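Below, each chain spelled out in residue letters.
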Amino acid sequence: MEDLKENKTNTAAGDEVVIHLEHLKKSFGEKDVLTDINMNLKKGENLVILGRSGEGKSVTIKCIVGLLNQDAGKCEVLGKEVNELSSDELKDMRQRVGFLFQSSALYDSMTVRENLAFPLTRVLNLKDDNEIEERVQEMLENVGLEEAIDKMPAELSGGMRKRIGLARTLILKPEIMLYDEPTTGLDPITSREISELILHMQKKYKISSIVITHDMACAKITADRVMIMNKGEFIAEGQYEELEQAEDELVSSFFK
Amino acid sequence: MAQTIPRIKNSWLAEVGNQALFIGDFLGNLFRRRFEWNELIRQCYMIGYKSIMLTAITGFVLGFVITVQSAPTMKAFGAQSYIPNMVIISIVREIGPVIIALTCAGKIASSIGAELASMKVTEQIDAMEVSGANPVQYLVVTRILSCIVMVPLLTLLADAVALFGGFFGSNIVGHMSFTLYFNKSFDVLVFTDLIPATIKTIFFGFAIGFVGCYKGYNATNGTEGVGVAANMAVVNASLWVIVLDAIAAQITNMFAYN
Ligand SMILES: Nc1ncnc2c1ncn2[C@@H]1O[C@H](COP(=O)(O)OP(=O)(O)O)[C@@H](O)[C@H]1O
Ligand SMILES: [Mg+2]
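Scope of this entry: the structure provided in the associated data block. All values reported here derive from a predicted model rather than from experimental measurement.

Rules used in this analysis
Residues numbered from 1 in each chain as written. Chains lettered and ligands numbered in written order. Predicted model: local features only at pLDDT ≥ 70, side-chain atom pairs only at ≥ 80, totals over all residues. Heavy atoms only, no water. Helix = DSSP H or I, 4+ residues; strand = E, 2+ residues; numbered from the N terminus. Contact = heavy atoms within 4.5 Å. Areas by Shrake-Rupley, 256 points an atom, 1.4 Å probe, with all protein chains shown as cover. Lys, Arg positive; Asp, Glu negative; His and termini not counted. Charge placed at Lys NZ, Arg CZ, Asp CG, Glu CD. Rg over C-alpha atoms; globule rule 2.2 N^0.38 Å. Buried < 20%, exposed > 50% of the residue type's maximum accessible area, 1.4 Å probe, protein only. Near = heavy atom within 4 Å. Polar contact = N/O pair within 3.5 Å; in protein donor to acceptor, adjacent residues only side chain to side chain. Nonpolar A, V, L, I, M, F, W, Y, C, P; charged D, E, K, R; others polar. Salt bridge = Lys/Arg side-chain N within 4 Å of Asp/Glu carboxyl O. Core = buried A, V, L, I, M, F, W, Y, C linked by side-chain atoms within 4.5 Å. Axes fitted to C-alpha atoms, helices over the stretch in contact; angles between N-to-C directions. Parallel < 35°, antiparallel > 145°, perpendicular 65-115°, else oblique. Left-handed = near helix turned anticlockwise from the far one by under 90°. Expected span 1.5 Å × (residues − 1). Patch = residues over 30% accessible without salt bridge, like charges linked within 9 Å, V, L, I, M, F, W, Y side chains within 5 Å.

## Digging into the overall build of chain B
- Counting its regular elements, chain B contains nine helices and zero strands.
- Helices and strands in chain B line up, N terminus first, as α-α-α-α-α-α-α-α-α.
- Pairs at least 24 apart in sequence give 84% of the contacts found in chain B among residues at least 6 apart.
- Element-wise, carbon and sulfur atoms account for 70% of the exposed surface of chain B, whose accessible area totals about 13,000 Å².
- For chain B, the distance from the average site of its 15 positive side-chain charges to the average site of its 14 negative ones is 2 Å.

## Notes on the overall build of chain A
- Looking only at helices and strands, chain A has ten helices and ten strands in total.
- In terms of overall dimensions, chain A is globule-like: its C-alpha atoms have a radius of gyration of 18 Å, near the 18 Å expected for 256 residues.
- Each principal axis of the C-alpha atoms in chain A carries an extent, and together these give about 55 × 45 × 35 Å.
- Going through the 256 residues of chain A one by one, you find that 54% of them count as buried.
- At a minimum sequence separation of 6, the contacts of chain A that also span at least 24 residues come to 69%.
- Accessible surface, chain A as shown: approximately 11,500 Å² in total, 46% of it carbon and sulfur.

## Here's the deal with the site of ligand 1
Residues and elements named next belong to chain A.
- Around ligand 1, the neighbouring residues are F28, K31, V33, R52, S53, G54, E55, G56, K57, S58 and V59.
- The separation between an oxygen atom of ligand 1 and a polar side-chain atom of K31 is 2.9 Å.
- Take K57: an N or O atom from its main chain is 2.8 Å from an oxygen atom of ligand 1.
- In isolation ligand 1 exposes 560 Å². Once the protein is present, 62% of that is buried.
- Those elements that place two or more of their residues in the shell around ligand 1 are strand 2 (31-42) and helix 2 (57-64).
- Looking at which element gives the most residues to the shell around ligand 1, the answer is helix 2, with three residues.
- In terms of residue class, the shell around ligand 1 is built from three nonpolar, four polar and four charged.

## Details of unusual backbone geometry
Residue and element names in this part refer to chain A.
- Within the chain, A105 stands out as a residue other than glycine whose phi angle is a positive 55 degrees.
- Tracing the sequence through the fold places A105 in the loop between strand 6 (97-100) and helix 4 (112-122).
- Positive phi outside glycine occurs at E181, with the angle close to 45 degrees.
- Following the sequence through the fold, E181 ends up in the loop between strand 7 (176-180) and helix 7 (188-205).

## Quick notes on the pattern of salt bridges
- Counting across every chain of the model gives 22 salt bridges over all chains.
- Among the salt bridges present, the one from K62 of chain A reaches E123 of chain B, with a minimum N-O distance of 3.4 Å. Of this pair, K62 of chain A sits in helix 2 while E123 of chain B sits in the loop between helix 4 (83-121) and helix 5 (124-130), which puts the two residues in different chains. Neither K62 of chain A nor E123 of chain B differs from the other in exposure class; each is buried.
- Notably, a salt bridge pairs E196 of chain A with R192 of chain A, separated by 3.1 Å at the nearest N-O pair. Of this pair, E196 of chain A and R192 of chain A are both found in helix 7, four residues apart, which corresponds to roughly one turn of the helix.

## Things to note about the nonpolar core
- Residues I19, M39, L178 and I210 of chain A together with I208 of chain B are the most contacted members of the largest nonpolar core, which totals 127 residues.
- Ranked by residues supplied to this core, first place goes to helix 6 (residues 135-173) of chain B with twelve residues.
- In contact with I210 of chain A, other than residues within four places in its own chain, are I19, M39, L41, L47, I49, I61, I64, M177, L178 and Y179 of chain A.
- I83, I91, V92 and F167 of chain B belong to the second-largest nonpolar core, a separate cluster that totals 15 residues.

## Some remarks on the packing of helix 3 (residues 52-76) of chain B against helix 6 of chain B
All names here are of chain B.
- Two numbers describe how helix 3 lies on helix 6: the axes approach to 6 Å, and their chain directions differ by 40 degrees. Between helix 3 and helix 6, the angle is such that the two are oblique. Remark: the crossing between helix 3 and helix 6 carries right-handed chirality.
- Here the contact of helix 3 with helix 6 is built from residues that sort into 15 nonpolar, eight polar and one charged.

## Let's talk about the environment of C44 of chain B
All names here are of chain B.
- Tracing the backbone through its elements, the reader meets C44 in helix 2 (residues 37-47).
- Given a relative accessible area of 19%, C44 falls into the buried group.
- With 188 residues separating them in the primary sequence, C44 and M232 have C-alpha atoms 23 Å apart.
- The contacts of C44, once residues within four sequence positions are left out, are Y49, S146 and M150.

## Observations regarding helix 6 (residues 158-170) of chain A
- With 13 residues, helix 6 of chain A should reach 18 Å at 1.5 Å per residue; the first-to-last C-alpha distance of 18 Å fits that figure.
- Summarising burial for helix 6 of chain A: ten of the 13 residues are buried, a large majority.
- Those residues of helix 6 of chain A lying buried are G159, K162, R163, I164, G165, L166, A167, R168, T169 and L170 of chain A.
- On its buried side, helix 6 of chain A packs onto strand 6, helix 4, helix 5 (129-142), strand 7 and helix 7 of chain A together with helix 5 of chain B.

## Some thoughts on a negative patch on the surface
Residues and elements named next belong to chain A.
- Taken together, the side chains of D128, D129, E131, E134, E138, E141, E146 and E147 make up a negatively charged region of the molecular surface.
- Relative to the assigned elements, D128 resides in the loop between helix 4 and helix 5.
- The exposure class assigned to D128 is partly exposed, which follows from its relative accessible area of 39%.

Below is the structure:
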């Protein structure tokens, strides 16, 4: 896993833009959460978004997958405006864009096997039990939790839940991954393992991803590029090392 | 402050609108391909089988109490031999469906409300949706349908057990052989009693499943919202049952008993 990290900056992100946000606005009632979000995610890159709690990071990526609709501005994913997708197009887009929830959001009433099989049977419409079992096993191997296959989510630790959540999302082989605070609430060692797993999966499946975090270790491991969000807009952008040196007080406060 | 009044009005209207949309969503997903048979059967088990004890005991007590309570009055008119007729008619037509539906509103609507609400606030429903799966088809359609199937069956079970409760009660206040009691009951019970009553319970079942799902699906505010959703589900489902019963009474009066 070490050599992956070395190679990281060498992976040239292409110029193709897979997610394009332009003047995105979103308010809830009187509360303006997103005021002017502008962002491009390039194919193959790992973009880390930093920001304090409640700045609207989750709202931004929920707009990307159509869980929320923006009030104004463009939100284009894989070349199409999310707001204007038909329900079939939306389903197709969601299959290509994976979303890892902060809470992992495992289905409580199902075993780990059933959690992983759910998207295979319900989204890909697979019917062959052997094929399903094979893909479930393969994914669990990827995240290093083969032995948890018959466990219920309640029996798993926070780190294990994150891994299973990651496996359940990656099992659909998405082109884009959105990670909402993948390491928040985990101990430093587990956080590091999850960060490296994210990087590893990105290389293995050539995924473009957005990682929301305020864990600087995670940002350092996973980021090709970093953007900093404040009061509903991005105030800084650059490589991790560049921003680390920045003069701006708000920006440098993240790196302390 | 000036906004307070329109807000209340808006939210009341919005609620009605949202409920209508939710019913539309349910109907739209009812005939989708890949029907969730396994989940439907699992829900029928969870909703129906696990309520059998509760409804059976309720039914027995209903039959028993009505018999014991009405016996002195009936006796005063020398009409105690009509007790079985009266008991079965009043239970099958009215008391059985309503009491069982209210019991189910307490047991089933609350558990559906709490289950879906906890899935909602822990983002499990969002996760299902963003994976491209269809949470309405998997969670809502199966639960509402199993209520539509199980509430009428539970009511019929309660009606049957109420017959035994009535027999038991009549043997405390007087003596009648079981065959006689049974025959007398079925002498007066006709299909025109059973059919409208069963149709009514189908609507009760729908209301219980629908309200439970709607309240659960729209839960907010974290874990606190789970309790609120369960509570609202019981209150609203009970209200629906009572209102539907009033409507059903009008309709059956118009058609059946004239
Ligand atoms: N569905 C919603 N309804 C109302 N307010 C919301 C909703 N989702 C988020 N918010 C508000 O938007 C703000 C930003 O939330 P969020 O994007 O979750 O922050 P974070 O950057 O920590 O992920 C918060 O103040 C939150 O209260
Ligand atoms: Mg968040």
